[in-house]
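# A closer look at the structure
Read off the chains here:
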Amino acid sequence: MSHTVRLTMSQALTRWLSVQHVEIDGQVLPYFAGVWAIFGHGNVAGMGEALAWMEDTLPTFRAHNEQGMAHAAIAFAKQARRRRAMACTTSIGPGATNMVTAAALAHVNRLPVLFLPGDIYASRRPDPVLQQIEDFADATVSANDCFRPVSRWFDRITRPEQILDALPRAMATLIDPATCGPVTLALCQDVQAEAYDYPAAFFAPRTWRTPRPRPDTQDLADLVAAIRSAKAPLIVAGGGVLYSGAEETLSALAAATGLPVGETQAGKGSLPWDHPQALGSIGVTGTSAANDAAEAADLIVAVGTRLQDFTTGSRTMFAGKRLFQINVAGFDATKHGAHRVQGDAREVLTELSEALGDWTVSADWRGRCADGVADWNTAWETATAASDALPSDGQVIGAVWRQANEDAVVVCAAGGLPGELHKLWRTHRSGGYHVEYGFSCMGYEIAGGVGVKLAEPDREVFVMVGDGSYLMMNSELATAVMLGQKLTVVLLDNRGYGCINRLQQATGGRPFNNLLDDARHAAPADIDFAAHARALGAEAEKVNGIAELEQALARAAASDRTHVIVIDTDPVVTTEAGGHWWDVAVPEVSTRAEVREARRIYEARIKGEGE
């Protein structure tokens with residue numbers, strides 16, 4: 001006779017989450033590191049009671065904004081190399097829809113997070129319940145249907161026994177590197193509190209292992225032949241290198257063969273910045289070393305990247321070149337007409353290294369790439385050197401990098417900073433560069449820093465954020481203080497959306513609605529960011545210039561409390577070295593001469609003519 005346990009659906013769900021484990025480097029750890037929760041009428045009685053019951057084995061973290069807490073959960077998973085994750089629960093209305101942006105971010109970046117929003121009554125007894133969305137043509141629709149296009153897998157739990165099937169499916173999606181991404185289980189409010197006799201075996205501890213598929217023999221042989229016959233091969237390392245734990249394998253392959261390596265935003269840190277074959281960042285925000293190599297290459301071997309437009313220079317950088325894609329996901333492995341080598345990055349690179357044997361690139365190609373790196377290092381010194389002028393983003397980055405220890409992590413997300421960081425931040429150790437640039441979501445930065453610190457509490461975390469992003473979402477600064485998760489936040493104030501202001505003018509537009517002074521206003525904006533940060537519980541100070549910034553960074557390092565440093569920066573100056581064209585459509589018709597000229601240049605570029 002089978003043994004059963006009578007529990008509410010919420011109690012069963014939380015109990016099941018608490019016994020899911022993963023094996024990491026021989027150590028068995030809980031897969032779910034905890035649950036972020038903001039309670040409302042749609043989840044406080046069901047999920048709230050269940051989480052309180054499980055507090056010792058499944059920690060609950062309180063946040064101040066639902067999108068922010070989801071960003072923290074996603075950042076945790078990214079910093080944990082997708083090997084562990086967190087869950088997020090909210091009520092049924094704005095709390096749920098606040099997480100949709102974060103779900104899209106996780107979806108784009110292929111990062112695991114479990115969303116558990118409350119939902120309307122399955123029984124429809126109090127229909128329409130508070131916060132319920134009513135579709136005039138479909139009674140089954142709720143606000144949580146917004147999660148469908150931004151979830152790898154979606155289910156609505158309308159009966160308590162459905163989790164017997166739904167939870168293992170959710171876990172299988174989260175743990176699989178080919179399908180990894182957000183999972184949404186919409187939890188009907190009444191069903192959360194309903195009881196069911198669950199099989200006791202359902203709660204037996206389980207250890208999951210991430211699959212590592214090996215490549216097809218012929219696909220690998222084709223890649224080996226292509227590399228051996230190439231005169232100027234180039235590897236493009238993406239986030240899949242880090243998620244697979246393939247950094248050492250890639251480093252050894254590059255050192256043995258001389259194959260040069262450029263890094264995407266997600267792949268930055270695959271090699272230490274001073275590795276002999278490291279060319280730095282590639283693409284629109286790339287170094288001159290990597291981009292010049294890409295222009296000259298006759299073979300591109302992309303590893304674990306989805307080849308978005310910033311990486312490919314809007315499909316112009318790799319055009320006409322032979323392209324191989326090593327990727328665990330078939331969806332990505334065949335992009336841009338690539339030859340597919342589908343499999344785990346570490347497994348493929350290991351077999352590739354063995355198959356290449358003692359083959360090496362030519363001395364000419366090795367020397368050309370080394371010369372490119374030397375030239376870029378000179379440009380880096382120029383871009384990051386301090387001066388007496390209003391600091392540029394690059395100069396601030398240089399100051400933070402000089403003060404950071406080699407084990408530090410820099411966190412950023414949107415605006416001009418990710419482009420400058422991609423070029424200029426020199427990563428010593430993998431995991432030291434945490435920039436969300438797949439969705440480029442303003443407001444990710446501080447919440448993301450909390451998630452990074454939870455994932456690797458022994459590493460120093462620097463959050464670099466612009467004033468625009470800070471104003472969009474700063475509430476999790478209070479969460480960092482409350483949880484005792486120390487961050488050093490460097491807030492660069494260029495008085496508006498400086499990056500988009502530059503793009504606006506580059507496409508012929510006049511400065512309009514981006515910088516605060518160019519937006520409609522009755523009085524000039526005068527925001528005291530340091531006072532605001534102090535009001536949220538952080539230590540904070542305003543500095544003038546790079547010398548004062550470096551002194552403040554030293555004070556922050558000596559403190560055990562989250563520290564915010566505000567510095568005014570120039571909204572116009574960026575690093576001129578490196579970079580590549582990016583396809584941003586310019587209006588065909590305009591009364592403005594500058595727009596018409598920008599359109600002429602744009603049309604020439606999309607035809608492959610001119611610079």
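Anyway, here's the lowdown on the structure attached to this text.

Analysis parameters
- Residues numbered from 1 in each chain as written.
- Predicted model: local features only at pLDDT ≥ 70, side-chain atom pairs only at ≥ 80, totals over all residues.
- Heavy atoms only, no water.
- Helix = DSSP H or I, 4+ residues; strand = E, 2+ residues; numbered from the N terminus.
- Rg over C-alpha atoms; globule rule 2.2 N^0.38 Å.
- Buried < 20%, exposed > 50% of the residue type's maximum accessible area, 1.4 Å probe, protein only.
- Pairing = 2+ DSSP bridges.
- Axes fitted to C-alpha atoms, helices over the stretch in contact; angles between N-to-C directions.
- Polar contact = N/O pair within 3.5 Å; in protein donor to acceptor, adjacent residues only side chain to side chain.
- Contact = heavy atoms within 4.5 Å.
- Phe/Tyr/Trp six-rings, centres within 6.5 Å; stacked < 30°, edge-to-face > 60°.
- Lys NZ or Arg CZ within 6 Å of the ring centre and 35° of its normal.

### Some details on the overall build of the protein
If you tally the helices and strands in the protein, you get 24 helices and 23 strands. Against the globule reference of 25 Å for 611 residues, the protein gives a C-alpha radius of gyration of 25 Å, in line with a compact fold. Along the first, second and third principal axes, the C-alpha atoms of the protein reach 75 × 70 × 55 Å. For the protein, buried positions account for 59% of its 611 residues.

### Quick word on unusual backbone geometry
The omega torsion across Asp127 and Pro128 is -5°, close enough to zero to call that bond cis. Within the fold, Pro128 resides in the loop between β7 (113-119) and β8 (153-157). In this structure, Arg110 takes a positive phi of about 60° despite not being glycine. As for its position among the elements, Arg110 is in the loop between α5 (100-109) and β7.

### Some words on the sheet that holds strand β19 (residues 433-435)
One open sheet holds the six strands; their spatial order is β19-β18-β20-β21-β23-β22, and the pairing between them is parallel. Strand pairing shows two members of the sheet lacking a second neighbour, β19 and β22 (539-543), which therefore form its edges. Within this sheet the neighbouring strands show an average axis-to-axis angle of 20°, counted without direction. The pairing of strand β20 (residues 461-466) with strand β21 (residues 488-493) spans five bridges and is parallel. Paired with Val465 across the two strands is Leu491, which belongs to β21.

### Observations regarding the pairing of strand β4 (residues 32-37)
Judged by how many residues are buried, β4 sits mostly within the fold: six of six residues are covered. Direction of pairing for β4 relative to strand β6 (residues 85-90): parallel, over a ladder of four bridges. Looking at the pairing, Trp36 lines up with Cys88 of β6. Summarising the sheet, β4 and strand β5 (residues 60-62) pair through three bridges and their orientation is parallel. Residue pairing for β5: Val35 is matched across the bridge by Thr60.

### What to know about the side chain of Thr575
Assignment of secondary structure puts Thr575 in the loop between β23 (563-568) and α24 (593-606). Take Thr575: its relative accessible area is 11%, and that puts it in the buried class. Looking at Thr575, its side chain comes within polar contact range of the side chain of Glu420, at 2.8 Å. Beyond its immediate chain neighbours, meaning those up to four positions away, Thr575 contacts Ala383, Glu420, Lys423 and Leu424.

### Considering the packing of aromatic side chains
Any two aromatic rings considered together are summarised by their centre-to-centre distance and by the angle between their planes. If you walk through the whole model with that rule in mind, you get 13 aromatic pairs. Aromatic side chains Phe202 and Phe203 sit 5.2 Å apart centroid to centroid with 75° between the ring planes, which places their arrangement in the edge-to-face category. The pair Phe202 / Phe203 is uniform in exposure class, with both members buried. In textbook terms, an aromatic cluster arises when at least three aromatic residues are bridged by ring pairs, as seen for Trp16, Tyr196, Tyr198, Phe202 and Phe203. A cation sits over an aromatic face here: Arg426 above Trp380, 3.5 Å from the ring centre.

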